[in-house]
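# Coordinate inspection notes
Each chain, written out:
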Amino acid sequence: MSAKKESLFSKKNMKLIKDPLNDSNPISIQVLGICSALAITIMLENAFVMSMSVLFVLIMANVIVSVIRNMIPDKIRIIVQLVIVATLVITVDQILKAFVYEVSKQLSVFVGLIITNCIIMGRLEAFALGNKVGPSFLDAIGNAFGYTWILLVVGLIREVFGSGSLTMFGLEGLIPESWMIENGGFYEHNGLMLLSPIALFLVAGVIWVQRAKNRKLIEEN
Amino acid sequence: MLDYINIIVKSIFIENMIFAYFLGMCSYLAVSKSVKTASGLGAAVIFVLCVTVPVNYLLENYVLAEGALDWLDADYGLNGSETMDLSFLSFIMFIAVVASIVQLVEMIVEKFAPALYGALGIFLPLIAVNCSILGGALFMQERQYGSIGEATAFAFGSGIGWWIAIVALAAIREKIRYSNVPAPLRGLGITFIITGLMGIAFMAFLGIEL
C-alpha cells in the first residue's frame, strides 16, 4: 500500500500538478476555458463558486473517463464524454440551486456551459483517455487549480477596485467613506472594472507577466 | 415583423455572443489567424445555431418545461392536477441534441453539397463543443421567447454577431503581424487586448433601447 502511494506522489506525478499552475496553465497557455473565466469574475464569490464547480466536474470526469477508457469505442468517445460531463454538471447545478441560490442566479447559463468548457473536454481527450486513474486524478487537480487561481486573481481585482467590497468575506466598503470624492476625498470606484471587457485586459496582464518571466513561452506572433 | 428585426439587431450588437458574454472564445481565439478560415467557422456557427436553437425550443416547450407535457393524453396519468417538471434534464438533452445534429448536418452536407462541405467540413466537429451553440440554447431557455420564430431570429442574430466578431478579429490580426508588439504579449496576449478594446467599442450599443 505504501509503495503504491509513493509512486502516486513521485516526481513525475508531482509535475502533473505543478505544471498546469504555471508553465502549461489551462487559461493563459493552453487557451482553454476562457469563456467562463471572463464572464463571471465580476465578484470574488462568483469566481470561487465557479472554480469549485469546475474543480468537482473536472476531477470526477477525469477519473470516470480514465476508469472506463478501455471500454469506450473510439468512434463515439465524444458523446460518451459529453454524457458523463453533462450528468456531473446537472448534479452541480442542482446543488448550487439548493444551497447558494443567489450565486446560481448570477452565474445563470455559465453553470450549464461547464459542459462545453474546453478545459474539461480538452483534459479528457488529451490525458484521461490515455492514462491510468492516479495520474488522471492529479492532472485534473493541477488543471483545476491552474484555472482557479487566475479566476480568483481576476475576481479579486475586479471586485475590490470596481465596487470596493468583498462580499465573500462579508466585507463592505473597503474604501473609507472619507476618501470618496463626494465627501471631499480623492477616490472613486472604477466603474470600468465592472464592465466585462476589463477581464480580458487583466488576463492579458497575467499572460504578460508570465511570459516575461519565462521567455520560452513567447509565441511567434 | 418589427419584433423579429428588434431581436436580430439586439442579438447582433447589444447582446453580442463574444463581446457581451464571451461565448465560444476558445475557437474564437484559436481560429482567427486568417480572415478566410475565420469566415468559414463563423458561417458554420450561424448555420448550426439556426438549426439547433429551434429544435431545442421545441424540446423545451413540449417536453422539458414545467407543464409542457400537458399535451399528453390523460391516459398517461398527467391530467390537470399534476404537472411534470423535467427542466433539470435540459443540459443533457440540449447537448445531446447539439452533438447529434452536428453529426447529422455533417453527413447531410457531405452527401448533398460537397462544395459547402469543402468550406465548412473541417469546422463542423469543432462546433459540437463550442460554447456559443449550447449557450444559444441556454439563453433561449432563460429568456423564454414567445414563439419558434422569435427563437430562430435570436439564433440567426447571435450567429451573425459571432461571425462579425471573428472576422473583424482575424482582419486585425492579419494586420498586426506588421507591428512591433512587446515580445511577451505576442500572439495570445495582444489578441486579448484587441478583443477587450473591441468589446468596449461594442458597449456603445448598450444605450440603444429596442
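So, here is what we can say about the structure in this document. (Residues numbered from 1 in each chain as written. Chains lettered and ligands numbered in written order. Predicted model: local features only at pLDDT ≥ 70, side-chain atom pairs only at ≥ 80, totals over all residues. Heavy atoms only, no water.)

## As for the overall build of chain A
Test applied: Strands here are runs of E lasting at least two residues and helices are runs of H or I lasting at least four, both read from the DSSP assignment and numbered beginning at the N terminus. Burial classes: relative accessible area under 20% of the type maximum marks a residue as buried, over 50% as exposed, and values in between as partly exposed (1.4 Å probe, protein chains only). By definition, residues are in contact when any of their heavy atoms lie within 4.5 Å. The method behind every accessible area is Shrake-Rupley, applied with a 1.4 Å probe, and residues are considered shielded solely by the protein chains displayed. Positive: Lys, Arg. Negative: Asp, Glu. His and the chain ends are not part of the count. Charge positions are represented by NZ for Lys, CZ for Arg, CG for Asp and CD for Glu.
Each helix and strand counted, chain A has ten helices and zero strands in total. For chain A, the N- to C-terminal ordering of α and β elements is α-α-α-α-α-α-α-α-α-α. Each of the three principal axes of chain A carries a C-alpha extent, and together these read 70 × 45 × 40 Å. Expressed as a percentage of its 221 residues, the buried residues of chain A come to 49%. For chain A, restricting intrachain contacts to residue pairs at least 6 apart in sequence, the fraction spanning at least 24 positions comes to 74%. Entry remark: accessible area of chain A is about 10,600 Å², with carbon and sulfur atoms responsible for 66%. Side chains of chain A give 18 positive and 16 negative charges; the mean places of these two sets differ by 15 Å.

## A short note on the overall build of chain B
Each helix and strand in chain B was counted, giving nine helices and zero strands. Each principal axis of the C-alpha atoms in chain B carries an extent, and together these give about 70 × 45 × 35 Å. Classification of the 210 residues of chain B by burial places 50% in the buried group. Within chain B, counting contacts between residues at least 6 apart in sequence, those at least 24 apart form 76% of the total. Put simply, chain B shows about 9,500 Å² of open surface, and 65% of that area lies on carbon and sulfur atoms. Looking at charge distribution, chain B has the averaged site of its 9 positive side-chain charges lying 29 Å from that of its 15 negative ones.

## Observations regarding empty space enclosed by the protein
Note the threshold: Only protein atoms enter the 1 Å grid, on which a cavity is a set of points fitting a 1.4 Å probe that cannot get out and a pocket is an open set with protein on both sides within 12 Å along at least 5 of 7 lines, lining residues being those with an atom within 4 Å of a point. Grid points are joined across faces, edges and corners, and a volume is the space filled by probe spheres set on the points. Amino acids are sorted into nonpolar (Ala, Val, Leu, Ile, Met, Phe, Trp, Tyr, Cys and Pro), charged (Asp, Glu, Lys and Arg) and polar (every other residue, Gly among them).
Scanning the entire structure with this criterion turns up two cavities of 30 Å³ or more. The calculated volume of the largest cavity comes to roughly 50 Å³. At the level of elements, α1 (2–14) and α9 (188–202) of chain B are the ones that each hand at least two residues to the lining of the largest cavity. Each residue belonging to the lining of the largest cavity can be placed in one class, and the counts come to six nonpolar, two polar and no charged. The computed volume of the second largest cavity comes to approximately 30 Å³. Forming the boundary of the second largest cavity are A:Cys35, A:Ser36, A:Leu113, A:Asn117 and B:Cys131. Of the residues that constitute the lining of the second largest cavity, the class distribution is three nonpolar, two polar and no charged.

## So, the pattern of salt bridges
Rule in force here: In what follows, salt bridge is the name for a side-chain nitrogen of Lys or Arg lying within 4 Å of a carboxyl oxygen of Asp or Glu.
Under the definition given, this model contains five salt bridges over all chains. The salt bridge involving A:Lys97 is made with A:Asp93; its shortest N-O contact spans 3.3 Å. Linking A:Lys97 with A:Asp93, this pair stays in helix α5 (residues 77–99), spanning four residues, or about one helical turn. A salt bridge links B:Arg143 to B:Glu15; the shortest N-O distance between them is 3.3 Å. Highlighted residues: B:Arg143 in helix α7 (residues 131–143) and B:Glu15 in the loop between α1 and α2 (25–30), separated in sequence by 128 residues. Taken together, the salt bridges that share partners define one network made up of A:Asp74, A:Arg77 and A:Glu125.

## Looking at the environment of B:Lys10
Residues and elements named next belong to chain B. Relative to the helices and strands, Lys-10 is located in helix α1. Exposure remark for Lys-10: the relative accessible area of 34% places this residue in the partly exposed category. On a C-alpha basis, the gap between Lys-10 and Ala-115 in space is 32 Å, while along the polypeptide they are 105 residues apart. The residues contacting Lys-10, other than those within four sequence positions of it, are Glu-15 and Leu-210.

## Observations regarding the state of the cysteines
Going by this rule: Whenever a pair of cysteine sulfur atoms sits within 2.5 Å, that pair is classed as a disulfide.
This structure, assessed with the given rule, holds one disulfide over all chains. Paired by a disulfide, A:Cys118 and B:Cys26 hold their sulfur atoms 2.3 Å apart. The S-S bond linking A:Cys118 to B:Cys26 shows a torsion near 110 degrees; that makes this disulfide right-handed. Pair noted here: A:Cys118 is in helix α8 (residues 118–126) and B:Cys26 is in helix α2, and the two residues belong to different chains. Sulfur of B:Cys50: no disulfide; nearest cysteine sulfur belongs to B:Cys131 and is 19 Å away. The partly exposed category is assigned to B:Cys50, whose relative accessible area is 23%. When its relative accessible area of 3% is taken as the criterion, B:Cys131 is described as buried.

## Side note on the interface of chain B and chain A
Spelled out, the test is: As used here, buried area is the combined drop in accessible area, with a 1.4 Å probe, of two parts when they are placed together. In protein, a polar contact requires one atom able to donate a hydrogen and another able to accept it; more generally it is a pair of N or O atoms within 3.5 Å, and residues adjacent in sequence count only if both atoms are side-chain atoms.
Residue-level contacts link 41 residues of chain B with 42 residues of chain A. Across the chain B/chain A interface, buried area totals approximately 3,700 Å², and carbon plus sulfur atoms make up 82% of it. There are zero salt bridges connecting chain B and chain A. Where chain B packs against chain A, one counts zero residue pairs in polar contact (both at pLDDT 80 or more).

## Digging into the nonpolar core
Put simply, the rule reads: Remark: nonpolar core denotes a set of buried residues (Ala, Val, Leu, Ile, Met, Phe, Trp, Tyr, Cys) joined through side-chain atoms within 4.5 Å.
Membership of the largest hydrophobic core comes to 123 residues, with the highest contact counts inside it found for B:Met25, B:Tyr28 and B:Phe192. B:Tyr28 has contacts with B:Ile18, B:Phe19, B:Trp162, B:Ala165, B:Ile166, B:Leu169, B:Thr195 and B:Met198, leaving out every residue within four places of it along the chain.

## Regarding the packing of α5(A) against α8(A)
Residue and element names in this part refer to chain A. Stated precisely, the cut-off is as follows: Structural elements are reduced to axes, namely lines fitted to C-alpha atoms, with helices fitted over the stretch in contact, and the angle between N-to-C directions of any two is expressed from 0 to 180 degrees. Should an angle fall under 35 degrees it is taken as roughly parallel, and over 145 as roughly antiparallel, whereas 65 to 115 is taken as roughly perpendicular and any remaining angle as oblique. Handedness of a helix crossing follows the sense of rotation of the near helix relative to the far helix, less than a right angle counterclockwise being left-handed and clockwise being right-handed.
Between α5 and α8, the shortest axis-to-axis distance is 11 Å and the interhelical angle comes to 130 degrees. One element, α5, and the other, α8, form an angle in the oblique class. Taken as a pair, α5 and α8 cross one another with a handedness that is right-handed. Two secondary-structure elements touch here, α5 through Arg-77, Ile-78, Gln-81, Leu-82 and Val-85 and α8 through Ile-120, Met-121, Leu-124 and Glu-125. When grouped by side-chain class, the residues that make up the contact of α5 with α8 number six nonpolar, one polar and two charged.

## Observations regarding the packing of α1(B) against helix α8 (residues 148–176) of chain B
All names here are of chain B. Contact geometry of α1 with α8 gives a least axis separation of 7 Å together with a crossing angle of 30 degrees. With respect to α8, the element α1 is oriented roughly parallel. Of the two possible hands of crossing, α1 and α8 adopt the one that is right-handed. Across the interface between the two elements, Asp-3, Tyr-4, Ile-7, Ile-8, Ser-11 and Ile-12 of α1 pack against Gly-149, Glu-150, Ala-153, Phe-154, Phe-156, Gly-157, Ser-158, Ile-160, Gly-161 and Ile-164 of α8. Classifying every residue of the contact of α1 with α8 by side-chain character gives nine nonpolar, five polar and two charged.

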